[in-house]
Amino acid sequence: MKTLRDRPSSDSLALAKARVHEAEGPGRRAFAVYQGLRHPGPVVWVLPAHEPQRPLLAGLPSGLGERLMILTPKGETDLLWCVEEALRASPVALVIAEPQQPLSLTAGRRFQLAAEAGRTVGLMLIQEGQGSNATETRWHCAPLATTDSTLHSWSLNKNKSGTIGTLIAEWDVTSPHVHLVSQAGERDQLADPAR
Amino acid sequence: MSIWFPRLASETSLRTRPVEGPFALIHRSANADHLHCLNPLAERHGLRRGMSLADARAICPDLATRPADLVAEARSLTTLRRWAGRYAPMVAVSGSDGLIADITGVAHLFGGEAEVRGDLHARLAQAGLSVTSAIAGSLGAAHALARHGGGIIAEGALQAGIEHLPVSALRIEHATAEALARVGLARIGDLIAQPRAPLARRFGIALIQRLDQILGHQPEPVSADPDPPHFGVRMTLPDPIGLTSDVMAGLARLLDRLCTTLALHRRGARRLRLELRRVDRGTVQVEIGLARAMRDPARILALFAKGVEEINAGFGIDALRLFAAITEPMAPEQIGHGAQVKTEDALADLVSRLGNRIGFDRVLRLAPADSLIPERSFQMVSAAWSEPVAAPPWSGPPRPITLFPPEPVTQVSGHPPARFRWRRMRLTTLRAQGPERIAPEWWFDDPAWRSGLRDYWRIETQEGPRLWLFHTPQTPSWCVQGEFA
């Protein structure tokens, strides 16, 4: 059986096509920006109107800013409607949304159907524990503080069609390439002596 | 036929708000108010057009005045021009208060030239407009006669009919008219008797040209401006309708007609309004905006669906009117080729759909702006009214991916802070990069920047978050303004 730890490659960070995914944790916006880089084509970011935290154009990786469309609907119903409409539109590559309330199973299921109809990928940036069971994968994202200042811990908590596991990614915003670092683990046997 | 409205401006102004007694419209030019247009009573008091307001008030103290509205005056003249289309196919505006109509071959439909004039005067008198008109064989003669009493010059008697008119009626410059008067040539008849060559040498070729035009030696056609295209269609129904599908079917027919008109003039609609008249004389409106100029009936129809579903049809709808309120030039495009065009169309449809529900000011794009202040280094612009712009590559110190209004941090120790509290989290600094000093823009008073200079630091914490902090040395405090990836 193949696990994430066997072969760390950036393919394991790919989101399944035509599905809706969720990301939580303090690093979820960085994860969303990384996914925006991975998806060529228009990116829609749905924010509630009262959300003060907005993407900063100068900080975004080059090329993403001009593809980005920002929707600021007033209220949760309009937000969910916007997400569904954007998912249903075929030219859109990725829909990032920040719902404020827990996603119901109905909403999650409707998003999945809309994503299938439009062949788009959705990424919901949720508060911890406010996801929907209909999601394809759920990621917990957090920046890691070590000697390197570009480390992220992106761990897959839920996956409907694959394994789960933690990925330590070294990703600099300016480049689309990510370098996956193997997690340090305890050996179950002695290492070979050095030659 | 030349039609002259000697008191057009004051009469249109008095139509809506009548005034008893002497009345004048005043126009400000060269730093002084002048009388622009008067009513007959004011003229009887001895006031004249062009007189300064101070003189006029001295002569007639109870003069009522209003400021002149030149735009409204031009608009009312345009309306009269459209109305005058009942007398001739070609009607043009001449000057600011006159019309010229080519009634060649039209007079017999009214029973003769005198009857045309009579009909015109009767109708305008009913509307409360004073008018003088003249019919003559040449445009210049009609123009001259209309401004000097009016009347009809019979065919073949053109020269005899205009001989008694002053030379100023020739549409020549004021200086030329004065020079002619100085040499004793006061009437057009005097001018015709003179040899042409010395006249041209002394007063310029323009005078001879005007003389030829008034006598009909030089042709001068009536050049009527084409009417601006009207992008509105309507439909009345024999029986009232109330079903959504019926309204949509009617709308589809209207849209087909409207889009044909738009295609003919190479324009696309940006904002469309559907007015539905109910049986009880009420009107309901559905208005949609489009993300870009469009004239594809099927795609526009889909955008109307939601609005039409929400209206209250009452006892039924018996008339529909569709009007393109805002249009833009739109060149013909090749359709059905290229995935790029299809993608753009689909994206524009999405923007229209979103904008019509949540408002076009909430469907935004990030546009780069020329400022070093982080809050003003970009603008959120409406996606429907802008094109995506590639941001210039950023070469300065790294910027955070998200920005928020400054949030003060507490319990700071050290500079840069070694430990601080932010959002109820106790954070310890692992690494700090900085400072990057940004000065406020002195030409722009921003309340958020009243605290003065800012020294920005990139602070990596042991707990994980990589924050963008700033210190204001002039009013010492620390705030967080952004978060790095």
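Break down the layout of surface pockets for me, citing the residues and quoting the values.
For the largest pocket, the calculated volume is near 760 Å³. Considering the residues around the largest pocket, the lining is formed by 35 residues, among which A:L57, A:A58, A:G59, A:L60 and B:W394 are closest to the centre. Lining the second largest pocket are 25 residues, with B:E344, B:L347, B:R365, B:E387 and B:P388 sitting closest to its centre. At the level of elements, β2 (43-46) and α2 (64-67) of chain A together with β11 (283-294) and α15 (339-358) of chain B are the ones that each hand at least two residues to the lining of the second largest pocket. Sort the elements by how many residues they give to the lining of the second largest pocket and α15(B) lands first, with six residues. Here the residues of the lining of the second largest pocket sort into 13 nonpolar, four polar and eight charged. Per-domain counts for the lining of the second largest pocket show at least three residues from each of domain 1 (232-329) and domain 2 (363-395) of chain B.

Explain the sheet that holds strand β15 (residues 402-408) of chain B to me, and be specific about the residues and the numbers.
Strands sit in the order β3(A)-β15(B)-β21(B)-β20(B)-β19(B)-β18(B)-β17(B)-β16(B) across an open sheet of eight strands; the sheet is antiparallel. Where the open sheet ends on each side, the last strands, each with one partner, are β3 (54-55) of chain A together with β16 (410-413) of chain B. For strand β20 (residues 466-471) of chain B and strand β21 (residues 478-483) of chain B, the ladder comprises five bridges, and the chain directions are antiparallel. Considered in β21(B), the bridge of B:H471 is made with B:W478.

Quick rundown of the sheet that holds strand β1 (residues 20-24) of chain A? Include the residues and the values.
In spatial order, the strands read β10(A)-β9(A)-β8(A)-β7(A)-β1(A)-β6(A)-β5(A)-β2(A)-β4(A)-β13(B)-β14(B); together these eleven strands make up an open sheet with mixed pairing. Each edge of the sheet is formed by a strand with only one pairing partner; in this case those strands are β10 (178-181) of chain A together with β14 (378-382) of chain B. Between one strand axis and the next, the sheet turns by 30° as a mean value, whatever way the strands run.

Any details on the packing of aromatic side chains? Residues and values, ideally.
Within the structure shown, the criterion is met by eleven aromatic pairs over all chains. Seen from their ring centres, B:Y87 and B:F110 are 5.4 Å apart, and the 40° between their planes marks the pair as tilted. Linking B:Y87 in the loop between α4 (70-83) and β5 (90-94) with B:F110 in helix α5 (residues 107-110), this pair joins segments that are 23 residues apart in sequence. Accessibility expressed as a relative area gives 27% for B:F110, which makes it partly exposed. An aromatic cluster of at least three residues, connected via ring pairs, comprises A:F31, A:Y34, A:W139, A:W154 and A:W171. The residue whose ring lies beneath B:R86 is B:Y87, and the NZ or CZ to ring-centre distance is 5.3 Å. When the ring centre of B:F404 is taken as origin, the NZ or CZ atom of B:R423, which lies over that ring, is 4.9 Å away.

Pulling in residues and values, what's your account of empty space enclosed by the protein?
Under the definition given, this model contains two cavities of 30 Å³ or more. Its volume calculated, the largest cavity comes out at about 100 Å³. In this structure, the largest cavity is lined by A:P26, A:G27, A:R29, A:A30, A:Q53, A:P143, A:H152, B:I401, B:T402, B:E483, B:F484 and B:A485. Estimated volume of the second largest cavity: approximately 40 Å³.

What counts and what doesn't
- Residues numbered from 1 in each chain as written.
- Chains lettered and ligands numbered in written order.
- Predicted model: local features only at pLDDT ≥ 70, side-chain atom pairs only at ≥ 80, totals over all residues.
- Heavy atoms only, no water.
- 1 Å grid on protein atoms, 1.4 Å probe; cavity = no way out; pocket = protein on both sides within 12 Å on 5 of 7 lines; lining within 4 Å.
- Points joined across faces, edges and corners; volume = space filled by probe spheres on them.
- Helix = DSSP H or I, 4+ residues; strand = E, 2+ residues; numbered from the N terminus.
- Nonpolar A, V, L, I, M, F, W, Y, C, P; charged D, E, K, R; others polar.
- Domains from an automatic or database assignment.
- Pairing = 2+ DSSP bridges.
- Axes fitted to C-alpha atoms, helices over the stretch in contact; angles between N-to-C directions.
- Phe/Tyr/Trp six-rings, centres within 6.5 Å; stacked < 30°, edge-to-face > 60°.
- Buried < 20%, exposed > 50% of the residue type's maximum accessible area, 1.4 Å probe, protein only.
- Lys NZ or Arg CZ within 6 Å of the ring centre and 35° of its normal.

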